[in-house]
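Survey of secondary and tertiary structure
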Amino acid sequence: MIKPYVDAVAERAPVSWGLPGGFGAFLTQLAVTAALAFSLGLVSFIRRERLKWVAAMPCLLGGLVLLPFVFIGLANIGEAALHRMLRVPDLSAGILMVLIGAFFLAWLLPRARARLAQDQEADGSGEKDARRKVKTVKLFGIATLIVGVVFILIHAFELF
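Figured I'd write up the structure that's included with this text. (Residues numbered from 1 in each chain as written. Predicted model: local features only at pLDDT ≥ 70, side-chain atom pairs only at ≥ 80, totals over all residues. Heavy atoms only, no water.)

This next bit is on the overall build of the chain. Scanning the chain from terminus to terminus reveals five helices and zero strands. Counting helices and strands in the order they occur from the N terminus, the chain gives α-α-α-α-α. For the chain, the proportion of its 160 residues judged to be buried stands at 19%. In the chain, the proportion of contacts linking residues at least 24 apart, taken out of those at least 6 apart, comes to 61%. (Helix = DSSP H or I, 4+ residues; strand = E, 2+ residues; numbered from the N terminus. Buried < 20%, exposed > 50% of the residue type's maximum accessible area, 1.4 Å probe, protein only. Contact = heavy atoms within 4.5 Å.)

In structure tokens, the structure reads:
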């Protein structure tokens, strides 16, 4: 799969630094193949496939091949890019928390209210638990939404 592409690039690319032509294309294809193997192995672990040990081989080998590429990429970044990378967790955590808060308020809260209505109709003893669950879902949703917006504002206005 890699060989035809590398051969085509080797015909067009000049030899540089004493390395054969197409060596950069070979490294690129190797990184793409390793990333694909790592991600497919990771997905099979996450899905809890029956034969996990089969997924361990491409995941481990792909991760080991990708590791030098990651280190080289991190070594080549500049100071401005490093400053931006250090601030990215604020934005990603904020977006994630806003999504979680919206999920709690838009998806779980109506279900909890429906459960409360069912308990009130049945006059069951679980009415207090259902009310507490509605309040908990609402409080957690609002709190996560607010904290997520604060993280996004911290990133937007460069407060840290």
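Together, Leu51, Trp53, Val54 and Met57 give the surface a local cluster of nonpolar side chains, amounting to about 420 Å² of exposed area. Summarising the element assignment, Leu51 is placed in the loop between helix H2 (23-46) and helix H3 (52-75). (Patch = residues over 30% accessible without salt bridge, like charges linked within 9 Å, V, L, I, M, F, W, Y side chains within 5 Å. Areas by Shrake-Rupley, 256 points an atom, 1.4 Å probe, with all protein chains shown as cover. Salt bridge = Lys/Arg side-chain N within 4 Å of Asp/Glu carboxyl O.)

Buried together is how nonpolar side chains tend to be arranged in soluble globular proteins. If you look at the biggest cluster of nonpolar residues, it comprises seven residues: Phe104, Leu109, Ala112, Leu116, Ala130, Val134 and Val137. Secondary structure elements with two or more residues in this core: helix H4 (79-122) and helix H5 (127-156). Setting aside residues up to four positions removed in sequence, Leu109 forms contacts with Phe104, Val134, Val137 and Lys138. (Core = buried A, V, L, I, M, F, W, Y, C linked by side-chain atoms within 4.5 Å.)

Checked against the element boundaries, Gly101 lands in helix H4. Its relative accessible area of 0% is what places Gly101 among the buried residues. Measuring from C-alpha to C-alpha, the distance between Gly101 and Gly148 comes to 8.2 Å, with 47 residues separating the pair along the chain. The contacts of Gly101, once residues within four sequence positions are left out, are Gly141, Thr144 and Leu145.

Scope: geometric values only; no functional claims are made or implied.
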